[in-house]
Amino acid sequence: MRARNPLYVMAKPPPEVQAAIAALPRNDRGRGPELLHVTLISLYDLHYAPPEWLPATIAALDSFAAAPFALRFDRIENRKAVTLRTRDPLAGARAFQKVLVNHLLREKAPIMDGTTPEPHITINYRGDRLGSETLGKKTPPIGWTVDEIILMESIVGKTTHVEHGRWPLCGDAG
């Protein structure tokens, strides 16, 4: 089954960081900066999910508490797409992902895919075959403190996100 409406928990950069990313020469100018995001967990495809799954996921996130964490990207890499990444371990983001998954499991929220991808930002889905480059030589590293998470549905092939809720991060991880 091909994904049609995947549901993610994601973090979006604030407007000033969106602007810095949008200004990168390898960024796809055809996509709006409001679509830039870091996927923290991939949950399931809403198109195929039972209707009660979305409210159950929202209810589980309503009781979630975690501390904000920092993201910082210092490399542009071309894999299947052009992405912002880092060689640093992103320990705060990885710890956050673990706390989030454990919370969703404890709350018996539906998780089908349940993937926690390496944090990155895709800036060009087509790829450009230009290889990797390190930011900092000409461009400073790009980062921010993630202080909220968003439950977002992606409409595949439509370049559209549908928001299903936002939750501030202000508690303790655990």
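Residues numbered from 1 in each chain as written. Predicted model: local features only at pLDDT ≥ 70, side-chain atom pairs only at ≥ 80, totals over all residues. Heavy atoms only, no water.

Q: Could you give an account of the overall build of the protein chain, naming the residues involved and the relevant values?
A: Across its full length, the protein chain holds 3 helices and 10 strands. Helices (α) and strands (β) of the protein chain occur, in sequence order from the N terminus, as β-α-β-α-β-β-β-α-β-β-β-β-β. Whereas a compact globule of 174 residues would reach a radius of gyration of roughly 16 Å, the protein chain reaches 16 Å, a difference of no more than 12%. Expressed as a percentage of its 174 residues, the buried residues of the protein chain come to 46%. Residue pairs in contact within the protein chain that sit at least 24 positions apart in sequence constitute 77% of those at least 6 positions apart. Taken as a whole, the protein chain presents about 9,200 Å² of accessible surface, with 53% of it coming from carbon and sulfur. Put simply, the protein chain has 22 plus and 19 minus side-chain charges, and the middle of one group is 9 Å from the middle of the other. (Helix = DSSP H or I, 4+ residues; strand = E, 2+ residues; numbered from the N terminus. Rg over C-alpha atoms; globule rule 2.2 N^0.38 Å. Buried < 20%, exposed > 50% of the residue type's maximum accessible area, 1.4 Å probe, protein only. Contact = heavy atoms within 4.5 Å. Areas by Shrake-Rupley, 256 points an atom, 1.4 Å probe, with all protein chains shown as cover. Lys, Arg positive; Asp, Glu negative; His and termini not counted. Charge placed at Lys NZ, Arg CZ, Asp CG, Glu CD.)

Q: Describe the layout of surface pockets, and please don't skip the residues or the numbers.
A: Of the voids in this model, the largest pocket is the one considered here, and its volume is about 610 Å³. Around the largest pocket sit 27 residues that line it, and Tyr8, His37, Thr39, Thr122 and Tyr125 are the ones nearest its centre. Going through the elements one at a time, strand S1 (6-11), strand S2 (38-45), strand S5 (82-85), strand S9 (148-155) and strand S10 (160-168) are the ones with two or more residues in the lining of the largest pocket. In terms of residue count, the dominant contributor to the lining of the largest pocket is S1 (3 residues). Of the residues in the lining of the largest pocket, the class split is 10 nonpolar, 12 polar and 5 charged. Of the voids in this model, the second largest pocket is the one considered here, and its volume is about 160 Å³. Around the second largest pocket, the lining residues are Leu24, Pro25, Arg26, Ile76, Glu133, Thr134, Leu135, Gly136, Lys137, Lys138 and Thr139. Here the lining of the second largest pocket is composed, by residue class, of 4 nonpolar, 3 polar and 4 charged. (1 Å grid on protein atoms, 1.4 Å probe; cavity = no way out; pocket = protein on both sides within 12 Å on 5 of 7 lines; lining within 4 Å. Points joined across faces, edges and corners; volume = space filled by probe spheres on them. Nonpolar A, V, L, I, M, F, W, Y, C, P; charged D, E, K, R; others polar.)

Q: Before we move on, can you summarise the sheet that holds S1 with the specific residues and values?
A: Pairing is antiparallel across the open sheet formed by 4 strands, whose spatial order is S2-S1-S9-S10. Across the chains shown, the open sheet's two edge strands, defined by having one partner strand only, are S2 and S10. Neighbour-to-neighbour, the strand axes of the sheet open up by a mean angle of 25 degrees, direction not taken into account. Inspection of the sheet shows S9 paired to S10 by 8 bridges, in the antiparallel sense. Within the sheet, the bridge partner assigned to Ile155 lies in S10 and is Thr160. Sheet strands in contact with helix H3 (residues 91-106) are S1, S2 and S9, and its direction is about 25 degrees off that of S2. (Pairing = 2+ DSSP bridges. Axes fitted to C-alpha atoms, helices over the stretch in contact; angles between N-to-C directions.)

Q: I'd like a description of the side chain of Asp74, backed by residues and values.
A: By secondary structure assignment, the location of Asp74 is in the loop between strand S3 (69-73) and strand S4 (75-78). Apart from residues no more than four positions distant in its own chain, Asp74 is found in contact with Arg85, Thr86, Arg87, Asp88, Glu133, Thr134, Leu135 and Pro141.

Q: Which residues make up empty space enclosed by the protein, and what are the values?
A: A full pass over the atoms with the stated rule returns 1 cavity of 30 Å³ or more. Of the voids in this model, the largest cavity is the one considered here, and its volume is about 30 Å³. Surrounding the largest cavity, Arg31, Leu35, Leu36, His37, Ile121, Thr122 and Tyr125 form its lining. Of the residues assigned to the lining of the largest cavity, the class counts are 4 nonpolar, 2 polar and 1 charged.

Honestly, that's just the spatial picture; any functional story needs more than this.
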